[in-house]
Amino acid sequence: ANDKGIEEKLLSVTITDEPVNIKDLYEYARFIPLENGENCMLSRVVKAAVKDTLVYMLDKDPYPSIKVFSTNGRYIRNIGRLGHGKGEYEDIDDFTTNPKGDSLFILCNNRILAYNNKGEFLFQKNIDKKGPISSIESCNGGYVCLIEHKGDDNLLHFLDYDFEKKRDLISSGGKIIKEPSEVYNPIQVNGKDVWYCHYFTSTLYVVDTQDDYKTTSYRINTDKANKIERFENYVFTNDYDAVTFYSVDGDQIFGFFNVAQEHDWPFIWNLNSEEIIVKHTEEWIPYVEAINSGLHYSIITQDSFIRLSEQFAKQDNLNSNYLEVSNSVTEKDNFVLVELKPKNND
């Protein structure tokens, strides 16, 4: 149990019509089409991680696989393969790389399959939990955290690299801290801190793993968020202004709010501030799906790339020094890696 309980902080949210565009946020944008071919075709990328010069991607269709590319777009290898033998998986629920980037863990049906960064199988470990494990993330300090679904609740487990228990995160009142899977990027690691999000109460939690797992919660305070509504025989919460996606980078969080159930609006929250400002935009703002060495990475489809190219061509404020396309896109359904350097703005 977390004997110190949870320190809760209330955040005010200001929604403004003041526009924001990509050049307000990033110094440059580099588009890198990923190599296409029989072994490296991508269909539905649901997670990406970048370590050094390697990009790891979980592709779910037509069957699950982990594909590795270079940050210049060249296909490197697949990690593991489908099957029931040693080093093979029937499905992939999630994956993570360790902080050093020299090994990778695949989560499959409450089992961990470990590989080195050359794709060689290392070991398999069964996770002794009754509920299904949905998410895994590797943390600094030599441990991993897992989310176990337990009835209607979810429990955050901290384990060492031998996958032995270090801590189960429970509040002082014994209530399991929830983290629904509706939030993209559910677990975020930022130095010694582990972040996760409770979608239905618009609450972000941060766990200090070097201070006896002290937990702080940041509850989002808006007039529209989380109002209970009824529709015929159904009761549900109104997800106005709910956080739908976020990534933590140093003292800032890059994320999106669902505003009035219309579309996602971007926000950048400086952790030193008690106010989150959500700005209107009619331009493309990337989802930050991976962070490495101070750079942000996003994955988009070839169709999205073509639409963006047409959109950017109409903007006078973007020039060749800002946008770089390293190779042409020629194949249908190819994916494009976007590399961006964030500005150091407040």
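Residues numbered from 1 in each chain as written. Predicted model: local features only at pLDDT ≥ 70, side-chain atom pairs only at ≥ 80, totals over all residues. Heavy atoms only, no water.

## Thoughts on the confidence of the model for the protein chain
Right, so step 1: Predicted confidence across the protein chain gives a mean pLDDT of 81, with 81% of residues reaching 70 or more.
Right, so step 2: Predicted confidence is poor over residues 225–240, with pLDDT under 50, and the contacts of this stretch with residues over four places away or in other chains come to 32 contacts. (pLDDT = per-residue confidence, 0-100. Contact = heavy atoms within 4.5 Å.)

## Here we look at empty space enclosed by the protein
Right, so step 1: Applying the stated rule across the entire model yields two cavities of 30 Å³ or more.
Right, so step 2: Put simply, the largest cavity is a space of about 70 Å³.
Right, so step 3: Lining the largest cavity, in full, are L25, Y26, F245, F254, G255, F256, P266, F267, I268, I285, P286 and V288.
Right, so step 4: For the lining of the largest cavity, the class distribution of residues is 11 nonpolar, one polar and no charged.
Right, so step 5: Surrounding the second largest cavity, L34, E35, N36, C40, M41, L42, F69, N334 and F335 form its lining.
Right, so step 6: Residue classes in the lining of the second largest cavity are distributed as six nonpolar, two polar and one charged. (1 Å grid on protein atoms, 1.4 Å probe; cavity = no way out; pocket = protein on both sides within 12 Å on 5 of 7 lines; lining within 4 Å. Points joined across faces, edges and corners; volume = space filled by probe spheres on them. Nonpolar A, V, L, I, M, F, W, Y, C, P; charged D, E, K, R; others polar.)

## A closer look at the side chain of N116
Right, so step 1: For N116, the location among the structural elements is in strand β11 (residues 111–116).
Right, so step 2: Using a relative accessible area of 15% as the deciding quantity, one classes N116 as buried.
Right, so step 3: Here K118 takes part through its backbone nitrogen, which lies 2.9 Å from a polar atom of the side chain of N116.
Right, so step 4: Among the polar contacts made by the side chain of N116, one reaches the side chain of E120 at a distance of 2.6 Å.
Right, so step 5: In this structure, N116 is in contact with D102, S103 and L122, ignoring residues within four places of it in sequence. (Helix = DSSP H or I, 4+ residues; strand = E, 2+ residues; numbered from the N terminus. Buried < 20%, exposed > 50% of the residue type's maximum accessible area, 1.4 Å probe, protein only. Polar contact = N/O pair within 3.5 Å; in protein donor to acceptor, adjacent residues only side chain to side chain.)

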